[in-house]
2 protein chains.
Amino acid sequence: MQPQIDLTAIHSPADIRRMDMNQLKALAASLRRPLLDKLSAHGGHVGPNLGMVEAIIALHYVFDTPDDKIVFDVSHQTYPHKMLTGRMEAFTDPAHYDDVTGYTNPSESPYDLFSLGHTSSAVALASGLAKARDLAGGTENVVAVIGDGSLSGGVAFEGLDYGATLGSNFIVVVNDNDMSIAENHGGIYADLHLLRNTNGTADNNIFRAMGYAYRYVHYGNDLPSLIKAFSDVKDIKYPVVVHINTMKGMGLPVAEAHKERFHFSGPFDLKSGSPLASAPSGTEPEDYADIFADHFLKEIRNRHDLVAITAGTPGVIGFGPGRRREAGRQFVDVGIAEQQAVAMASGLAKGGAKPFVGLASTFLQRAYDQFSQDIALNRQPAVFMVFYGSMFGMTDETHLGFFDLGLLSNIPGLTVLAPTCREEYLAMIRWAQDERECPVVIRVPGGPVISNPSVALLDDYSAPAYDIVSRGAEDGIALIGAGTFLPVVQEAAKILAAKGIDATVINPRSVSHLDETTLSALKACKGIITAEDGIVDGGYGQKIASYFGRDAVKVVNLGLPREFRNRYNPSELQKECGLTPGQIADTAMSLME
Amino acid sequence: MQPQIDLTAIHSPADIRRMDMNQLKALAASLRRPLLDKLSAHGGHVGPNLGMVEAIIALHYVFDTPDDKIVFDVSHQTYPHKMLTGRMEAFTDPAHYDDVTGYTNPSESPYDLFSLGHTSSAVALASGLAKARDLAGGTENVVAVIGDGSLSGGVAFEGLDYGATLGSNFIVVVNDNDMSIAENHGGIYADLHLLRNTNGTADNNIFRAMGYAYRYVHYGNDLPSLIKAFSDVKDIKYPVVVHINTMKGMGLPVAEAHKERFHFSGPFDLKSGSPLASAPSGTEPEDYADIFADHFLKEIRNRHDLVAITAGTPGVIGFGPGRRREAGRQFVDVGIAEQQAVAMASGLAKGGAKPFVGLASTFLQRAYDQFSQDIALNRQPAVFMVFYGSMFGMTDETHLGFFDLGLLSNIPGLTVLAPTCREEYLAMIRWAQDERECPVVIRVPGGPVISNPSVALLDDYSAPAYDIVSRGAEDGIALIGAGTFLPVVQEAAKILAAKGIDATVINPRSVSHLDETTLSALKACKGIITAEDGIVDGGYGQKIASYFGRDAVKVVNLGLPREFRNRYNPSELQKECGLTPGQIADTAMSLME
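For clarity, every value in this text was computed on a predicted model and none was experimentally measured.

In this model, chain A carries an average pLDDT of 97, and 99% of its residues clear a pLDDT of 70 or more. Interface predicted TM-score (ipTM) for the complex: 0.97; the corresponding pTM is 0.98.

If you want it as structure tokens, here you go:
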């Protein structure tokens, strides 16, 4: 009979180091229960956390955390870690579910070393901790925990390559559950497969080839095996990889069976796995990813040159398993490897194909050099669809979507378009797929899909051509609303109209280029307000302010401050930034004075 | 006796495909002679080109270029390729030396597929070409040629990882000369060493582990061996690595013996290897890299927490072999792996050390995600020294240094400083080395070192505090000169003074943050001119224009247009941008009207 574990008595890893093996096993079961409750009621990273319960217990049992240092890659698998390091209540008491974030966070606990959410950097970070230790003459263990899916990111390789040369204690735990977010893609995964199938004995061993000692744990959810392996490498004097074979979603049959669907999930029914509180089947609201994916699947019936590319996040561009099958070889998942996705797109375009790379805003910053050199400098007409590039997207500080405008729109030769509605979005996609000269970025609007059948469409978006949606008094106010914010400034214009002020409303379509013909006609205005879905610094509005620097017209740039935010409320942030229709109307009034 | 080769008769690779082996060997010798003449008289990438003469002959002999496609990584090793593809004169006739760039360039030749200068992307680019071929049903060979030094870059790994899954013709030639720019650093190099020492037979084989077939050529400067190997893999139906062991600097004894010094060299004496036309020993002008390196070496006598980090370019921060030895374990070369350099710095700072990462402006863009997540979001007080971040730096389109301002200064929490002279540079370095709160970027000024003993220094640069260098009329003109451009606007102020106009001159010190106290006092001015050493878009001046958007004061932002330039003349570009003192004075006059 398993002993009873009182979770409320666990305040730090010291409390589990006193346990015997039976108690530790009972602890794993005891952690999984509230974990399942929270995940199903609240949503979160289901598979990664369920799979790592035993490994995290074993790590804290063997290593003297927080003196020994553990860096968790991505850190979305750290719910059990949080439970063992003073934050149990956030998992056992629904009233406290939101006390913690879904990632390690140094402001929560000294056991959390970094705020992370992008994959693949843990080994590099840990190599710095190890080097600092060596310079200071310390003796603590430094451990990086990285999943197999994260290994495909270039910085993971860079970290492993350097870490192998440290010549001192450096422990890399490779958590291999044979899955990325979706299935893995890449040559190394054949090697991981081989290692799993040979109990770690195969000659072809990527880790040994990189200079690491190597140790394989076949039962990566078996506490005695894990504790033995970690104990054996504790205080080791050289770099070692401990390769553990874990079960993603362990303990929840539906998650074990459907690993992609349960990588991350909103609230769901524990038994059936069905989403809770979803719209009745067939009535889910359309999203921009689906619109793209459906359009793409229609187009490829006649065009073999089109390729959709994802870097490990097919869901971001609407490609679930069914659509991936339908697209066949015209859909490519390169694994979590954004640099590869962007550089490969350059090669595809050069070779005469037409790639559409779909990226979440927060991840495209992992491929800046490829956007600049391989795409822009080489003028390769690839298309990039940027999803969640919006304050109304992901709100974790690690996944913010409001920095990409300044990043992409200041690279020479990139045309960055900001569609404002379904119709314009499709028109821009259609134009881009036949464009042979310039690389194009389509920044998908934030918020729900908006239909605007009266939007003025163009056949050619290569030259900046702002749309004057409504024309007000020449010496009045102009509101320029980019992307998501066109409908918002239109609302503001209505408020102004009610006060007898006819504002000019402009949809710039492009956020990278100035339409000087349209703009020069605004010099007679009293004031111009720009509103964009991103930080003001380096963005679209500041180009407008600079353009009008010598003119009497006043320019106000609305957008977000240059700050990281964590789990913010988008409506509140909108208000804080003066970006509601009422506030924009008030600002316009103030410019009339 | 070797046959005579008439180089003027070689117009395309077709002309060498008719040759027999004796003629091909004679061709190699015949190419090396003008190559040596040009390299010694003109400067360029010495070692990489001399080492690749035979391999490039063999590639063009075996493969049906340009139908078969060869992507050269970095492409600084392509002088022999240019000689064989219609550009012989640019190497045999000094009057035509400058007809070609030092990199592949599609505007020069259809044999050049991409304009490249940053390492490590060739495999990813080639994977796109291969995929495009497969979609189109083509049968041409796709070949990526990548050096061992470039393998440490993350995108090289991402490309190899994906390429292994292509399931079709994909040939990666690894040109292994056992050197990066300096010596190699990283775990994979032990494996390459092992492979060389076992004639390619070792069990530990990183390429096989990644899923490639593998072939080793021990005599990588032997034409029959190379031709045999390339012929064997031609038209292969799966991904293969051909690992060739070449001699960097082959044929020039002094370059074979001093590989780092002759990676790239200015003009030199062919016999002695001594630089031509250098300053007499001991009178070389000081540069900012030397100033940093000397300062650092002095500081580490008492501080074990300081670490200087380079990503494969130690010369950029003044660390030749002698200084590297002196710094010992407090100098780290992570190999060409900028992501690792930046993320590792975060780990070092978290671990209590104080890292100084030295990067060339053009390469820091390879680590944007690490600057954002690992450094800025985590507020780790690492220091980044950005060299060649200037229009007066490197002028090849692949190595431009005027895009970094907008890139770094728009990341929340990074303090980007722009010193204007030797004294300020050292003061900022000294402050940064004791700063425990915020990450700091020091953007090294362009051009020769300037000494200004009267510059106003601060003990603390954490908060923006602009220096009013000279105070003019309150309702007059203010000139804000950032970094390199402070002395330029000071010259402009002198011109204005001669016309009776006392301009206010400001050194902002920080190009990331606005000192609103100082700025608000300028609202009474007629005009403000900002001058910065980078593109205007996304940069410093546009923040100023936006700040004054509601005010009557006119703002003119001077800087570079958002364009790539190739081998430009810096003085002409300065003039084109209105950035000379006379032009700035004229602009100021126009604002007074």
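For the rest of this paragraph, the subject is the environment of R215 of chain A. All names here are of chain A. Residue position: R215 is located in strand β4 (residues 213–217). The exposure class of R215 is partly exposed, given its relative accessible area of 27%. The sequence separation of R215 and L359 amounts to 144 residues, and the corresponding C-alpha distance is 35 Å. Discounting residues that sit within four places of it in the chain, R215 has contacts with K228, A229, D232, V233, V241, V242 and H243. A polar side-chain atom of R215 sits 2.7 Å from a polar atom in the side chain of D232.

Contact with chain B, which involves 106 residues of that partner, is made by 105 residues of chain A. Between chain B and chain A lies a buried interface of about 8400 Å² when both sides are counted; carbon and sulfur atoms form 56% of it. By the criterion of area lost to chain A, the three top residues of chain B are L135, R550 and R562 of chain B, representing 9% of everything that side buries. At the junction of chain B and chain A, the tally comes to 2 salt bridges. Across the pair R366 of chain A and D369 of chain B runs a salt bridge whose closest N-O atoms are separated by 3.2 Å. The tally of links from chain B across to chain A stands at 48 residue pairs in polar contact (both at pLDDT 80 or more). Of the residues assigned to the side of chain B that touches chain A, the class counts are 42 nonpolar, 43 polar and 21 charged.

Two side chains with opposite charge may pair up if their charged atoms get near one another. All names here are of chain A. Tallied over the full model, the rule gives 57 salt bridges over all chains. The partner of R509 in a salt bridge is E424, with the nearest N and O atoms 3.8 Å apart. With R509 in the loop between β14 (504–507) and α21 (516–520) and E424 in helix α19 (residues 422–434), the pair connects residues that are 85 residues apart, well separated along the chain. Both residues of the pair, R509 and E424, count as buried. In this structure, a network of salt bridges that share partners links the residues K82, R87, E108 and D112.

Another point: the environment of Y461 of chain A. Residues and elements named next belong to chain A. Assignment of secondary structure puts Y461 in the loop between β11 (440–443) and β12 (467–470). The exposure class of Y461 is buried, given its relative accessible area of 3%. Note: C-alpha distance between Y461 and P224 (237 residues apart in sequence) is 62 Å. A polar contact is formed between the side chain of Y461 and the backbone nitrogen of L458, at a distance of 3.0 Å.

Residues and elements named next belong to chain B. Among the 5 residues that make up strand β13 (residues 477–481), 5 are buried, leaving the element largely enclosed by the rest of the structure. Side chains of β13 alternate between two faces, with I477, L479 and G481 and A478 and I480 buried alike. In terms of strand pairing, β13 meets strand β14 (residues 504–507) through 3 bridges, oriented parallel. Within β14, the residue paired with I480 across the bridge is I506. Handedness of the β13-helix α20 (residues 486–498)-β14 crossover: right-handed.

Conventions used here
- Residues numbered from 1 in each chain as written.
- Chains lettered and ligands numbered in written order.
- Predicted model: local features only at pLDDT ≥ 70, side-chain atom pairs only at ≥ 80, totals over all residues.
- Heavy atoms only, no water.
- pLDDT = per-residue confidence, 0-100.
- Helix = DSSP H or I, 4+ residues; strand = E, 2+ residues; numbered from the N terminus.
- Buried < 20%, exposed > 50% of the residue type's maximum accessible area, 1.4 Å probe, protein only.
- Contact = heavy atoms within 4.5 Å.
- Polar contact = N/O pair within 3.5 Å; in protein donor to acceptor, adjacent residues only side chain to side chain.
- Buried area = accessible area lost by both parts, 1.4 Å probe.
- Salt bridge = Lys/Arg side-chain N within 4 Å of Asp/Glu carboxyl O.
- Nonpolar A, V, L, I, M, F, W, Y, C, P; charged D, E, K, R; others polar.
- Pairing = 2+ DSSP bridges.
- Right-handed = clockwise from strand over helix to strand, strands pointing away.

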